[in-house]
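Structural overview
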Amino acid sequence: MRNGVRAHLVVFVVVWVFGIGVSSLQDLQAQTIPSHPRELTFDGLTFDPPEAASHRHELDNGVVMYVVPDHSLPLVTVSVLVRTGSYLDPNGKPGVAALTGSQMRAGGTESLTPSEYDEEVAFLAANIGSAIGDTSGRASVNSLTKDLDASLNLLFEMLRRPRFDQARLDLAKSQGVRQMEQRNDSTQSIEMREWRRLLRGDTHFTTDPTTRDSLESITRDDLVTFHQEYYHPGNFIFSVSGDVEAEVIGPKLEALMSDWPARTPVSVPVPAPDHELDPGVYLVDKPDVNQGRVVIGHLGTMRDNPDRYALMVMNDILGGGGFAARLMTRIRSDEGLAYSAYSSFGLGTYYPGAFRVSYQSRSETVVRAAAIVLEEIDKMQAGVVSEAELRTSKASFVDTFSRNFSSAASTAGLFANDEYTGRDPSYLTTYRDRISSVSGDDVLRVAREYLDPDNLVVLIVGDRATIEAGDPDNPEFSLNDLVAGEVSEIPLPDPFTMEYPSLP
């Protein structure tokens, strides 16, 4: 009996598949099939970006809220940007802001111990987080629509009345000290640290390190004071997305802030670095690794620079465009010297970003790859890029523009971030036209104006002896010939005090 049913099923499936196959074949025959995939044509991509103004709402206390509904799932995300950051750390106590951000979530609230708070969040299957970065703070809750009220109560309890549990704070500080032990272990972390120092100097807030003494000196009162100073509705910008409408979430947020005064927003500007770049080759000796990490670059520019679109295309062709970029083609595909090689041209919000080329290569071929980088920078300044390169780069920016709005959360977050940094949202409506209007002459002009091969900083982290010995198959590449001047060695600092020893 079972075999008979199976046989009938087999016959049915064969007939069904055959029928589909015949139908599909007839449909294909009715179409004109190009002789080659290159002859395929597609309709143009049509996408109109949403307008920030249509999602912007001002609550009765003056706080700005962006709401982007999406009813496909019964989930709501409420995020808040806070005008704060580690640039506001008290003098001599770097790390206060970061600890305040993390311990707001980890340390419970006035009415709930840390364990009780964790249990309440878990019971609702919600996700609540808090953190403070260099120039902003963030907190958020993601929950089921049916549990939105209870989840919002937990979020605001954390925002307004954090407990800063002493035991949790002690644990975080001890973990921080243990992490310091590994500061000189990873070539990647060394590269990031030393690149910032070379670019910004030793006195900027982004290069002021937390030491064991400074971390241990941070008290619960420091966190309480920092929180009271910066956490109030006047410093908040909300972004809301998901299964909710503005007329529903707005009154809920207003009720939660009704007795919480919105004081004047923080007005302390983010400080710009006061450091003059010193070009040259800098090397951190790590004899225990067989690959060298390399960064080559200099200062970039600001995001409101009128040349930003031409700079974006120029950098994309040089090294930002993945496998289509010149650096990846030369260093990885043609020469096999690195798994990845890329460039970026930083457009800073508060101070200039950085132009940088990065790659990782075998110690023997580090210098050879660096020479190729310098050669490709020179080529960018030597002549107009090809029409194919220009077309591919511009198409990549235009065709991927819609990804900025791939979800309701990303759309609301983009609008809130622009509000936070004071960016005019009208740039979104002209972005694709500005990119499309970039010409080959524009790319050449900005390459000549903004790339400065005579004033590059070259940072190498790796085994100095092997790197200096170079590639025996290509002995013409020498570390001392990369740029003018001698190679300066950067010693590894004490991981707990961050004091740099003097080299012999």
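Position numbers for residues start from 1 in each chain and track the written sequence from start to end. Under the rules for a predicted model, residues below a pLDDT of 70 receive no local features and side-chain atom pairs below 80 are neither given nor counted, while totals for whole chains, interfaces and linings still include all residues. In computing side-chain values, all of the structure's heavy atoms are included and hydrogens and water are not.

Before going further, it helps to spend a moment on the nonpolar core. Each nonpolar core is a collection of buried residues, namely Ala, Val, Leu, Ile, Met, Phe, Trp, Tyr and Cys, held together in the definition by side-chain atoms within 4.5 Å. A simple rule labels every residue: compare its accessible area, found with a 1.4 Å probe on the protein chains alone, to the largest value its type can have, and call it buried under 20%, exposed over 50%, or partly exposed in between. Counting residues in each nonpolar core, the largest one holds 61 residues, and the members touching the most others are I296, M314, I331, Y359, M380 and I460. If we ignore the near neighbours within four places in the chain, the residues touching Y359 are G292, R293, V294, I296, A338, S340, A341, V366, A369, A370 and V373. M158, F205, F226 and Y231 belong to the second-largest nonpolar core, a separate cluster that totals 54 residues. Residues are treated as being in contact if the distance between any of their heavy atoms lies within 4.5 Å.

This part covers the confidence of the model for the protein chain. Any region with low pLDDT has predicted coordinates that should not be read closely. In the predicted model, the protein chain carries a mean pLDDT of 92, and the fraction of residues at 70 or more is 93%. Ignoring residues within four places in sequence, the model shows residues 4-20, a span with pLDDT below 50, making zero contacts including any to other chains. pLDDT is a residue-level measure of predictor confidence that goes from 0 to 100.

A separate point is the sheet that holds strand β14 (residues 487-489). In space, the six strands of this open sheet follow the order β10-β12-β8-β13-β7-β14, with mixed pairing throughout. Edge positions in the open sheet fall to β10 (338-345) and β14, since each of these has one partner strand only. Put simply, the sheet's adjacent strands are angled 20 degrees from each other on average, direction ignored. In this description, strands pair whenever DSSP reports at least two bridges between them. Strands here mean DSSP runs of E at least two residues long; helices mean DSSP runs of H or I at least four residues long; both are numbered from the N terminus. Bridging between strand β8 (residues 291-299) and strand β13 (residues 457-462) involves five bridges; their strand directions are antiparallel. Opposite G297, over in β13, you have V457 as the bridge partner. The strands that helix α12 (residues 366-382) touches are β8, β12 (354-362) and β13; relative to β12, the one it contacts most, it runs at about 145 degrees. Note on method: axes are straight lines fitted to C-alpha atoms, helices fitted across the in-contact stretch only, with angles between N-to-C directions ranging 0 to 180 degrees.

Note that L159 resides in helix α4 (residues 148-160). Exposure remark for L159: the relative accessible area of 0% places this residue in the buried category. Aside from chain neighbours lying at most four places away, what touches L159 is V80, M104, A139, H227, Y231 and W260.

Any two of the Phe, Tyr and Trp rings considered here, Trp counted by its six-membered ring, make a pair once their centres fall within 6.5 Å; the pair's planes then place it as stacked at under 30 degrees, edge-to-face at over 60, or tilted in between. Throughout the structure, instances matching the rule amount to 15 aromatic pairs. Summarising the aromatic geometry, the rings of F156 and F238 are spaced 6.0 Å apart at their centres and angled 20 degrees between planes, so their arrangement reads as stacked. Of this pair, F156 sits in helix α4 while F238 is found in strand β6 (residues 236-242), placing the two residues 82 residues apart along the sequence. Taken as a pair, F156 and F238 share a single burial class, namely buried. An angle of 70 degrees between the planes, with centres 5.6 Å apart, marks the rings of F401 and F405 as edge-to-face. Accessibility expressed as a relative area gives 3% for F401, which makes it buried. Given the relative accessible area of 11%, F405 is considered buried. By the ring-pair criterion, three or more aromatic residues cluster together here, those being F47, Y66, Y309, F401, F405, F415 and Y431.

A word on the pattern of salt bridges. Within this document, salt bridges are pairs made up of a side-chain nitrogen of Lys or Arg and a carboxyl oxygen of Asp or Glu, the two lying within 4 Å of each other. Evaluation of the coordinates by the stated rule reveals 27 salt bridges. The residue R330 makes a salt bridge to E376 at a minimum N-O spacing of 2.6 Å. A residue pair is termed long-range when its members are at least 10 positions apart, and R330 in helix α11 (residues 326-334) and E376 in helix α12 qualify at 46 residues. Relative accessible area serves as the criterion here: at 17%, R330 is assigned to the buried category. E376 sits in the buried class, given a relative accessible area of 2%. Each member of the salt-bridge network shares a partner with another, and the members are R193, E194, R197 and D202.

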